[in-house]
Amino acid sequence: MRLSKAFIPTLKEVPADAVVISHKLMLRAGMVRGLMAGVYSFLPYGQRAALKAINIIREEMDRIGGQEVLMPALNPAEIWQETERYEDFGPEMFRLQDRKERELVLAPTHEEVICSIARGEVRSYKELPQIWYQIQTKFRDEPRPRSGELRTRQFVMKDSYSLDVDEAGLDKSYLKHDEAYRRIFRRAGLDFFVVGASSGLMGGSGSEEFMVASDAGEDTCAVCDHCSYAANLEVATSDVADTPTNEDAQPLTKVHTPDQRTVDEVAAFLKLNPDRFIKSLVFMGDQGLAMVLVRGDDEVNESKLLRVLGAAMRPAYPEEVKDAIGAEIGFLGPVGLEGKLPIYADQRLRGGRNMATGANEDHYHVTGVQVDESFKPDQYHDLRTVKEGEPCPNCGSPLRVVKAIELGHIFKLGTKYSSAMNATVLDAEGRNVPIVMGSYGIGVGRMIAAAIESHADESGIVWPVTLAPYEAAVIVLNVKDEKLLSAGEGLYSELKKSGYDVALDDRDERPGYKFKDADLLGYPFQVVVSERNLAEGKLELKNRSSGEKVVLPRTQALKKLKQWYDEAWNRLSPEPTP
Ligand SMILES: [Zn+2]
């Protein structure tokens, strides 16, 4: 590509509405332009990156026996009503009517269409397993589209679906996808980790999310760098120290704590460490009010609590608390409340000695609280949020708590949709059984955005060679110098013939502008053709990721380029699978 003819509208200034790095850089590098909230056009430079990602995905899906299909984005409402997801998706689903006032939807995912195909065509277990995949546009009416390509309302996704006769077959299809996904993200230069996840709207029995650490991420995960432990903070656990249980008991004592409500305030007032406190919170749940206890230096994890209290969970209103307990929030505690409302304690409080907590009387706390003696919780659960540096539950190494972008997910769906839609096959015994399904997704735009987030520096994008729209650029410093331009063109043709995906910067612009643009666009390798070096038969090379610059005689320069190129590809080659 000659940049003099190309449409790559780079921007000097950071657009005001862009917050995360990938969004800023995708706009500045002329990769995308917004049309409305959460809807983007991919311009040529962006589309080249997307196609490289798609090619990697396609190769790896084909490698596990996937067959590419293309299903319609426009769906009749009926198939979604069959699985009840017409209701379940709620406002996230785009809905419309055709001219005959027939209800239609823009598909956010394709399990229903897969089942509608399978039930008409697949009759016997002998036709299974099948893996069908597509690379296609999806629609979700996100309540808060933001972060550029990370949260959009229309996006290109690879989604695949496995069809098996039984759970054992599904396990195999799932493992194949697990392997394919590892290879895809490795090839794309993404330093991913895998977490077990809840499947949300998708339902099903097993699932994993492939994540990459990034400050732009919307999930928070605990990750161990030593073993493979990684978990969403909603479910993460750690091998954190217990509360000491071997002290002599001090007597239960009521103390006046005027206007001291928070753990920190009362801790300072009583000159006790926060870890000596029992934080007492009241929540409303499916069964009514409940008291929830965590240690003073811990935070209650509402996702973990949700599983204990049920879907109706919310913090209790101050008046509900006052009515039930007779004290204001800030002076609550479990002592004396047994039998009045259920008490759920974090397991770290088990056996705690000489603790302090609210006295259930405004402006009073109690000290000398012995857990399981002064009061007995109804149940212990893991209710706390894991913190940075706590020991990994598998190996004891310190955990990192990081924000992360979800790159892809794999789900064991089971028979939820095939049962609802009557997509069945005859098994080996001649029984009619619902097809056992898996569903697997990768967001293409997210993959690109995550690669940018992972590798960018202050000058711009640093592409992994595998996703780079152009692997190298030949930069002619002064195109008015015909000798220089023709040397640049010659080099450009030669590199193209050698198999490089290469751009030629033949624009009539100042050298400083071209260098800045090249760094912003993030070509892995820059080949600079300057008057001074040309006179000596030399070329200047720059390696964008290492920053290394060399000036070498032409032949050696081309050898060096090849060496860098091969190294970059080899670094990203998927490990051979056993
Ligand atoms: Zn570990």
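Preceding this section is the structure that the text describes.
Residues numbered from 1 in each chain as written. Predicted model: local features only at pLDDT ≥ 70, side-chain atom pairs only at ≥ 80, totals over all residues. Heavy atoms only, no water.

Visitor: Give me the packing of aromatic side chains: which residues, what numbers.
Guide: Applying the stated rule across the entire model yields 12 aromatic pairs. On the basis of an interplanar angle of 55° and a centroid distance of 5.4 Å, the ring pair of Tyr-181 and Phe-210 is categorised as tilted. With Tyr-181 in helix H6 (residues 167-187) and Phe-210 in strand S10 (residues 206-213), this residue pair connects regions lying 29 residues apart in the sequence. Accessibility assignment for this pair places Tyr-181 and Phe-210 in one class, buried. Taken together, Tyr-181, Phe-185, Phe-192 and Phe-210 form an aromatic cluster joined through their ring pairs. Taking the ring centre of Tyr-86 as reference, the NZ or CZ of Arg-95 above it sits at 4.6 Å. Residue placement shows Lys-412 over the ring face of Tyr-174; its charged tip is 4.9 Å from the ring centre. (Phe/Tyr/Trp six-rings, centres within 6.5 Å; stacked < 30°, edge-to-face > 60°. Helix = DSSP H or I, 4+ residues; strand = E, 2+ residues; numbered from the N terminus. Buried < 20%, exposed > 50% of the residue type's maximum accessible area, 1.4 Å probe, protein only. Lys NZ or Arg CZ within 6 Å of the ring centre and 35° of its normal.)

Visitor: So, the sheet that holds strand S14 (residues 278-285): which residues are in play, and what are the values?
Guide: Strand pairing in a sheet is mediated by backbone hydrogen bonds. Such pairs are either parallel or antiparallel. Ordered in space as S16-S14-S15-S17-S20, the five strands form an open sheet in which the pairing is mixed. Both edges of this open sheet fall to strand S16 (314-315) and strand S20 (379-381), since each of them pairs with a single strand only. Where strand S15 (residues 288-295) and strand S17 (residues 343-346) come together, three bridges link them in parallel fashion. Residue Val-292 lies in a different strand from S17, and its bridge partner there is Tyr-344. (Pairing = 2+ DSSP bridges.)

Visitor: Could you give me a rundown of the sheet that holds strand S28 (residues 538-543), with the residues and numbers involved?
Guide: With mixed pairing, five strands are arranged side by side in an open sheet as S26-S25-S27-S28-S29. Each end of this open sheet is capped by a strand with a single partner; those strands are strand S26 (502-505) and strand S29 (549-553). Each adjacent strand pair in this sheet contributes to an overall mean axis angle of 20°, direction not counted. (Axes fitted to C-alpha atoms, helices over the stretch in contact; angles between N-to-C directions.)

Visitor: An account of the pattern of salt bridges is requested, with residue identities and associated values reported.
Guide: Enumeration over the complete set of coordinates arrives at 46 salt bridges. Residues Glu-218 and Arg-151 are paired through a salt bridge, measuring 2.5 Å at the closest nitrogen-oxygen approach. Of this pair, Glu-218 sits in the loop between S10 and strand S11 (219-224) while Arg-151 sits in the loop between strand S7 (130-139) and strand S8 (154-164), and the two are 67 residues apart along the sequence. One salt bridge connects Asp-505 with Arg-507, and the closest N-O pair in it is separated by 3.0 Å. Judged by its relative accessible area of 14%, Arg-507 is buried. (Salt bridge = Lys/Arg side-chain N within 4 Å of Asp/Glu carboxyl O.)

Visitor: So what about helix H13 (residues 511-521)? Which residues, and what values?
Guide: Because each turn of an α-helix spans 3.6 residues, side chains separated by three or four positions in sequence point in the same direction. All of the buried residues in H13 are Lys-514, Asp-517, Ala-518, Asp-519, Leu-520 and Leu-521. On its buried side, H13 packs onto helix H1 (21-28), helix H2 (44-63), strand S25 (472-476), S26, strand S27 (525-529) and S28. Just past H13, the residue Gly-522 takes up positive phi, approximately 75°. (Contact = heavy atoms within 4.5 Å.)

Visitor: Provide a residue-level description of the coordination of the zinc ion, including the pertinent values.
Guide: Geometry sets the ideal angles at a metal, namely 109.5 degrees for four tetrahedral donors and 90 or 180 degrees for six octahedral donors. Surrounding the zinc ion are the protein donor atoms Cys-224 (SG), Cys-227 (SG), Cys-392 (SG) and Cys-395 (SG), which sit 2.2 to 2.3 Å from the metal. Coordination at the zinc ion is tetrahedral: its four donor atoms span angles of 100 to 118° at the metal. Counting gaps between the donor residues of the zinc ion yields the pattern C-x2-C-x164-C-x2-C. Pair noted here: Cys-224 is in strand S11 and Cys-392 is in the loop between S20 and strand S21 (399-414), with a separation of 168 residues, a long-range link. (Donors = N, O, S within 2.8 Å, 3.2 Å for Na, K, Ca; no water. Tetrahedral: all angles 85-135°; square planar, octahedral: opposite > 155°, others 65-115°.)

Visitor: Account for the nonpolar core, with residues named and values stated.
Guide: In this structure, Met-31, Tyr-181, Phe-185, Met-447, Trp-463 and Tyr-523 are the most contacted members of the largest nonpolar core, which totals 63 residues. Counting residues per element, this core draws most heavily on H2, at eight residues. The contact partners of Phe-185, leaving out residues within four places of it in the chain, are Leu-190, Phe-192, Phe-210, Leu-407, Gly-408, Ile-442 and Met-447. If you look at the next biggest cluster of nonpolar residues, it comprises 27 residues, including Met-71, Tyr-417, Ala-423 and Val-433. (Core = buried A, V, L, I, M, F, W, Y, C linked by side-chain atoms within 4.5 Å.)

Visitor: Give a description of the packing of H1 against helix H11 (residues 444-455) that names residues and reports values.
Guide: Contact pair H1 / H11: the axes reach a minimum separation of 8 Å and the direction vectors enclose 100°. In terms of orientation, H1 lies roughly perpendicular with respect to H11. Residues Ile-21, Ser-22, Leu-25 and Met-26 of H1 form the contact with H11, whose participating residues are Ile-448, Ala-449, Ile-452 and Glu-453. (Parallel < 35°, antiparallel > 145°, perpendicular 65-115°, else oblique.)

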